[in-house]
Amino acid sequence: MLELTEAEFERLVSEAIDEIPPELAEMMDNVVILIEDEPPEDAPDVLGLYEGTPLTERGEWYTGVLPDTIRLFRLPILRICDTPDDAVEEVLITVVHEVAHHFGIDDERLHQLGWS
């Protein structure tokens, strides 16, 4: 398992978020990105999790709701990484994957695009 401090991991996440094209970043709406050490017990193998209503499913009813949440799980990501470069790549893949869910892209399509 690769060892990174919480601050180092947060920097990787920040850098991955900066890779999102500005025109897409501007479209992100009512979503927060959080870093947690471990995933929920009922999903121990996930690296990230999107919880909310994708932009493609929001309608007139979507008002006054809590933000969608993208959670990134630090320790599972680090457990599959051997080098800092592995961590950079895995964080980027996980961020892109979960942000794509915010835009309504499902796992099947992400797999086709190489982001799973």
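Here, every reference points to the structure presented above.
Note that the structure is a prediction, hence the values are computed from the model and not measured.

Visitor: Account for the sheet that holds strand β3 (residues 68-73), with residues named and values stated.
Guide: The sheet built from 3 strands is open, its strands ordered β1-β3-β2 with mixed pairing. Both edges of this open sheet fall to β1 (31-36) and β2 (48-51), since each of them pairs with a single strand only. Averaged over all adjacent pairs, the angle separating strand axes in this sheet is 15°, with direction ignored. Here helix α1 (residues 6-18) sits on the sheet in contact with β1 and β3, set at roughly 150° to β1.

Visitor: Residues and numbers for the layout of surface pockets, please.
Guide: To find leftover empty space, a probe the size of one water molecule is rolled over the atoms. Of the voids in this model, the largest pocket is the one considered here, and its volume is about 190 Å³. Lining the largest pocket, in full, are E19, I20, P21, L24, L92, V96, V99, A100, F103, I105 and W115. The dominant element in the lining of the largest pocket, judged by the number of residues it contributes, is helix α4 (residues 84-102), at 4 residues. Classifying every residue of the lining of the largest pocket gives 10 nonpolar, no polar and 1 charged.

Calculation notes
- Residues numbered from 1 in each chain as written.
- Predicted model: local features only at pLDDT ≥ 70, side-chain atom pairs only at ≥ 80, totals over all residues.
- Heavy atoms only, no water.
- Pairing = 2+ DSSP bridges.
- Helix = DSSP H or I, 4+ residues; strand = E, 2+ residues; numbered from the N terminus.
- Axes fitted to C-alpha atoms, helices over the stretch in contact; angles between N-to-C directions.
- Contact = heavy atoms within 4.5 Å.
- 1 Å grid on protein atoms, 1.4 Å probe; cavity = no way out; pocket = protein on both sides within 12 Å on 5 of 7 lines; lining within 4 Å.
- Points joined across faces, edges and corners; volume = space filled by probe spheres on them.
- Nonpolar A, V, L, I, M, F, W, Y, C, P; charged D, E, K, R; others polar.

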